[in-house]
Amino acid sequence: MTKRGCAALATSKAAALRVLDEPAFVLHHYDWSESSRIVEVLTRHQGRVALVAKGAKRPTSNLRAVLLPLQPLSLCYGGDAEIRTLKSAEWAGGHVMPSGEALLSGYYLNELLLRLLARDDPHPALFDTYRQTVKVLASGLDNTIAPLLRAFELLLLRDIGFLPDLSVQTLTLQALQADAHYALFAEGGLRAVEEGVALSGSHWLQLHGALDSDVPLTALLRCCAEFAPELRSTLQTQLRNLLHYHCGVNSLRTRQVMMELQAL
């Protein structure tokens, strides 16, 4: 191949590796050098991606004020290494930064995504769910935070294949009985229990119906909000155990921070 042909091939390959105007959110960032940062982002079409933001720590960098968590962004980046190179980032608009408990809840969502999503594995429906969830957090309605987190956890677990069918017992495939009680087990799915932390069959079936609706986040949010406080607490415990198992930890860092702040 001629030099001109090699150059053309290299240019074509480089162009194919460029990603332009990609919807994204910053999940986490850490220092890479004196002036640059590594940024973990969730993108709609490429999944979780690691980017090097060169010069982002400099006071004069345009990236410094843009690469913030829980803000909708439009990114351009390129490269074929494990860590790509960020070319540009723009705020996509839509809502302000959440604050207070909502901000900590957003960080909790980010930690879940960092632990449970593999890099370069697209989840466009989950990205849209995350975007809607962050928008609700930014609205400042504190009474919706707990039901919203349960709704997101359910949709996250379903999207990555860790949530069993909530209309049947996992091992026997027998339909749930409305007045019986069932618990989620990380290795056994949904099964009947005599006592302990569990929800009734009717409650699991309500969640199953909400998951299968045309607007699952809204339906789950409404469903969880209608549960009595003790039922919401039971559901939180059930989902927390499942999430901790798949995250490989006994406690998530952001949840521990939230508990410590509430204790104060």
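Conventions adopted
- Residues numbered from 1 in each chain as written.
- Predicted model: local features only at pLDDT ≥ 70, side-chain atom pairs only at ≥ 80, totals over all residues.
- Heavy atoms only, no water.
- Helix = DSSP H or I, 4+ residues; strand = E, 2+ residues; numbered from the N terminus.
- Buried < 20%, exposed > 50% of the residue type's maximum accessible area, 1.4 Å probe, protein only.
- Contact = heavy atoms within 4.5 Å.
- Areas by Shrake-Rupley, 256 points an atom, 1.4 Å probe, with all protein chains shown as cover.
- Lys, Arg positive; Asp, Glu negative; His and termini not counted.
- Charge placed at Lys NZ, Arg CZ, Asp CG, Glu CD.
- Expected span 1.5 Å × (residues − 1).
- Pairing = 2+ DSSP bridges.
- Axes fitted to C-alpha atoms, helices over the stretch in contact; angles between N-to-C directions.
- Phe/Tyr/Trp six-rings, centres within 6.5 Å; stacked < 30°, edge-to-face > 60°.
- Lys NZ or Arg CZ within 6 Å of the ring centre and 35° of its normal.
- Salt bridge = Lys/Arg side-chain N within 4 Å of Asp/Glu carboxyl O.
- Parallel < 35°, antiparallel > 145°, perpendicular 65-115°, else oblique.
- Left-handed = near helix turned anticlockwise from the far one by under 90°.
- Nonpolar A, V, L, I, M, F, W, Y, C, P; charged D, E, K, R; others polar.
- Core = buried A, V, L, I, M, F, W, Y, C linked by side-chain atoms within 4.5 Å.

## Digging into the overall build of the protein
Of the regular secondary structure elements, the protein holds eight helices and eight strands. With the C-alpha coordinates aligned to their principal axes, the bounding extent of the protein is approximately 75 × 50 × 35 Å. A burial count over the protein gives 46% of its 264 residues as buried. Intrachain contacts of the protein at a sequence separation of at least 6 include 56% that bridge at least 24 residues. As presented, the protein carries roughly 13800 Å² of accessible surface, and 52% of it is formed by carbon and sulfur atoms. In the protein, which carries 25 positive and 26 negative side-chain charges, the distance between the mean positions of the two groups comes to 12 Å.

## Comments concerning helix H7 (residues 229-247)
Between its first and last C-alpha, H7 extends 26 Å over 19 residues, near the 27 Å set by a 1.5 Å rise per residue. Taken from the residues just after H7, Gly 248 is the one with a positive phi, measuring 75 degrees.

## Some remarks on the sheet that holds strand E5 (residues 83-91)
On the basis of which strands lie adjacent, the closed barrel formed by five strands has the order E1-E2-E3-E5-E4 and mixed pairing. Mean inter-strand twist for the sheet, computed between neighbouring axes without regard to direction, equals 55 degrees. Pairing analysis gives seven bridges linking strand E1 (residues 19-31) to strand E2 (residues 37-43), with the strands arranged antiparallel. Bridging from a neighbouring strand, Ala 24 pairs with Thr 43 of E2. Of the strands in this sheet, E1, E2 and strand E3 (47-53) are in contact with helix H2 (residues 101-116), which crosses E1 at around 100 degrees. Together, E1 and E2 form the strand contacts of helix H3 (residues 124-138), whose direction differs from that of E1 by roughly 65 degrees.

## Topic: unusual backbone geometry
Within the chain, Asp 21 stands out as a residue other than glycine whose phi angle is a positive 50 degrees. For Asp 21, the position within the fold is in strand E1. Unlike most non-glycine residues, Asp 120 shows phi in positive territory, near 60 degrees. A residue is classified by how much of its surface remains accessible, and Asp 120, at 42% relative accessible area, is partly exposed.

## Digging into the packing of aromatic side chains
For the coordinates displayed, the defined rule picks out three aromatic pairs. Aromatic side chains Phe 25 and Tyr 130 sit 5.0 Å apart centroid to centroid with 80 degrees between the ring planes, which places their arrangement in the edge-to-face category. Within this pair, whereas Phe 25 is found in strand E1, its partner Tyr 130 is found in helix H3, the two being separated by 105 residues in sequence. The burial state of Phe 25 is the same as that of Tyr 130; both residues are buried. Between the aromatic rings of Tyr 130 and Phe 152, the centroid separation amounts to 6.3 Å while the plane-to-plane angle is 65 degrees, which identifies the pairing as edge-to-face. Highlighted residues: Tyr 130 in helix H3 and Phe 152 in helix H4 (residues 145-159), separated in sequence by 22 residues. Phe 152 shares its class with Tyr 130; the two are buried. By the ring-pair criterion, three or more aromatic residues cluster together here, those being Phe 25, Phe 127, Tyr 130 and Phe 152. Across the ring face of Phe 185, the terminal group of Arg 191 is positioned such that the distance to the ring centre comes to 3.7 Å.

## Some thoughts on the pattern of salt bridges
For the structure shown, the criterion picks out eleven salt bridges. One salt bridge in this structure joins Arg 84 and Asp 120, with 2.8 Å as the shortest N-O distance. A residue pair is termed long-range when its members are at least 10 positions apart, and Arg 84 in strand E5 and Asp 120 in the loop between H2 and H3 qualify at 36 residues. For Arg 84, a relative accessible area of 16% gives the class buried.

## Thoughts on the packing of H4 against helix H6 (residues 216-226)
For the pair H4 and H6, interaxial distance at closest approach is 8 Å and the crossing angle is 130 degrees. What the angle tells us is that H4 and H6 run oblique. For the element pair H4 and H6, the recorded crossing hand is right-handed. Residue-level contacts link Pro 147, Leu 148, Arg 150, Ala 151, Phe 152, Leu 154, Leu 155 and Arg 158 of H4 to Pro 216, Leu 217, Leu 220, Leu 221, Cys 224 and Ala 225 of H6. Along the lines of polarity and charge, the residues of the contact of H4 with H6 split into twelve nonpolar, no polar and two charged.

## Describing the nonpolar core
The tendency in soluble globular proteins is for nonpolar side chains to be buried side by side. Of all hydrophobic cores here, the largest spans 52 residues; its most connected members are Leu 113, Tyr 130, Leu 166, Trp 204 and Leu 207. It is H4 that contributes the most residues to this core, nine residues altogether. Filtering out sequence-adjacent residues up to four positions away, Leu 166 remains in contact with Leu 154, Leu 176, Leu 184, Leu 190, Trp 204, Leu 205, Leu 207, His 208 and Leu 211.

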